Amino acid sequence: MNPSPHVALVGAGIAGLSCATALKRAGLEVSLFDKSRGPGGRMSTRRGDDWQCDHGAQYFTARDADFRAEVGRWQRAGVAGLWAPRLWILDGDSSEERESTVERFVGVPNMTAPARYLASTLAVHALTNIEQLRHQAHGWQVFSAEQGWLETRFAAVLLAVPAPQAVPLLQQATRELAALASSAVMRGCWALMLRFAAPVDLPFDAAFVNQGPLRWIARNGSKPGRSGEETWLLHACADWSEEHLEEEPESVAAALLSAFGQLGAPVPQGWTAHRWRYADTEPALHEGSAWHPDIGLGLCGDWLNGGKVEGAWLSGRTLAEQVLRSFARC
């Protein structure tokens, strides 16, 4: 094997972090680029004056044995824990409490914690928006909006970004992977973070909602390690979010607050809206990952592996394994 191939990995969500961690453990040099201020992707937490609220992924499961072992590592490091909320299903005029044997995990003290834990050993270049790729005889070059063409030549480029963001990077490099990314239909989701001066008197900590614009409700403070003011998170359903994706936050908030109020919630003292343009994939793809060893270009992400945090982590690890097998034959 080349003693230290240098790989460019675009996207510091869980898929990218999983992939980068496995590659680094095997001895490869990895430069991880992300346009955001920090790692995590949709495992995200918004913070304000004395409040915080997880506004992306709300929890994750660990059914795969390897991912369960990884979550155990996170737990031992103090960056993940079990969450056992009072969970309801709200369906029209009926409601019921759900008792589930499913283990739900969250980051501790917030959802970004596992991502920051993984990123702590990696070379992460934040606030770096990769806009172009160029394949040459001596490897790949990447172009960032902030720095132009980087001088480094990479042995491979791996994309761990939502499918619609991967398409323009792939179009000039490989039609096959561009077509795969184009086939993924990703949907948006409006998130509304609510702040209250006192605990909200509702009989549940979290609820799946099967009526109106809402799909999910959660009391953020019911998760382990949280502190600060009482905050709740509202997620709109995919169809409603798509229909209202380009509307102003004020009109979105009015609709979601009205729906929450109909469930018995009081008016919050403040709110913050966030639009996730690429929240999930419908229908979900089950490719796992994609790798073209002839040119050294690959894809990973939850959109390639059934969605969810677990799918993202497994996708990243699978791509890393493919890359390592290719370099081992060189």
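The rules we used
- Residues numbered from 1 in each chain as written.
- Predicted model: local features only at pLDDT ≥ 70, side-chain atom pairs only at ≥ 80, totals over all residues.
- Heavy atoms only, no water.
- Helix = DSSP H or I, 4+ residues; strand = E, 2+ residues; numbered from the N terminus.
- Rg over C-alpha atoms; globule rule 2.2 N^0.38 Å.
- Buried < 20%, exposed > 50% of the residue type's maximum accessible area, 1.4 Å probe, protein only.
- Contact = heavy atoms within 4.5 Å.
- Areas by Shrake-Rupley, 256 points an atom, 1.4 Å probe, with all protein chains shown as cover.
- Pairing = 2+ DSSP bridges.
- Core = buried A, V, L, I, M, F, W, Y, C linked by side-chain atoms within 4.5 Å.
- Salt bridge = Lys/Arg side-chain N within 4 Å of Asp/Glu carboxyl O.

As for the overall build of the protein chain
- Of regular secondary structure, the protein chain possesses 8 helices and 20 strands.
- Radius of gyration (C-alpha) of the protein chain: 21 Å, near the 20 Å computed for a compact globule of 330 residues.
- Seen through its C-alpha atoms, the protein chain measures out along the principal axes to roughly 65 × 40 × 35 Å.
- By residue count, 55% of the 330 residues in the protein chain fall in the buried class.
- By sequence separation, contacts in the protein chain at least 24 residues apart represent 68% of the contacts at least 6 residues apart.
- Of the accessible surface of the protein chain, which amounts to about 14800 Å², a share of 47% is contributed by carbon and sulfur atoms.

A short note on the sheet that holds strand β11 (residues 139-144)
- Ordered in space as β10-β11-β12, the 3 strands form an open sheet in which the pairing is antiparallel. The two strands at the open ends of the sheet, each matched to only one other strand, are β10 (130-136) and β12 (148-149).
- Here β10 pairs with β11 via 6 bridges, running antiparallel. Opposite L133, over in β11, you have V142 as the bridge partner.

Digging into the nonpolar core
- Core analysis: the largest hydrophobic core is formed by 56 residues, its most contacted members being I14, L23, F60, W74 and L158.
- By residue number, the principal contributor to this core is helix α8 (residues 308-328), which donates 9 residues.
- Residues in contact with L158, not counting those within four places in the same chain, are V7, A8, L9, V10, C19, L23, W291, G298, L319 and V323.
- Counting 30 residues, the second-largest nonpolar core is a separate cluster that includes L133, W140, L180 and L285.

Some remarks on the pattern of salt bridges
- Evaluation of the coordinates by the stated rule reveals 13 salt bridges.
- D302 is the salt-bridge partner of R42, the closest N and O atoms lying 2.7 Å from each other. Of this pair, R42 sits in the loop between β2 (29-33) and β3 (45-48) while D302 sits in the loop between β20 (297-299) and α8, and the two are 260 residues apart along the sequence.
- In this structure R42 comes out as partly exposed when scored by relative accessible area, which is 23%.
- For R68, the salt bridge is made with E103, and the minimal N-O distance between the two is 3.8 Å.

Purely geometric numbers; function is a separate question.
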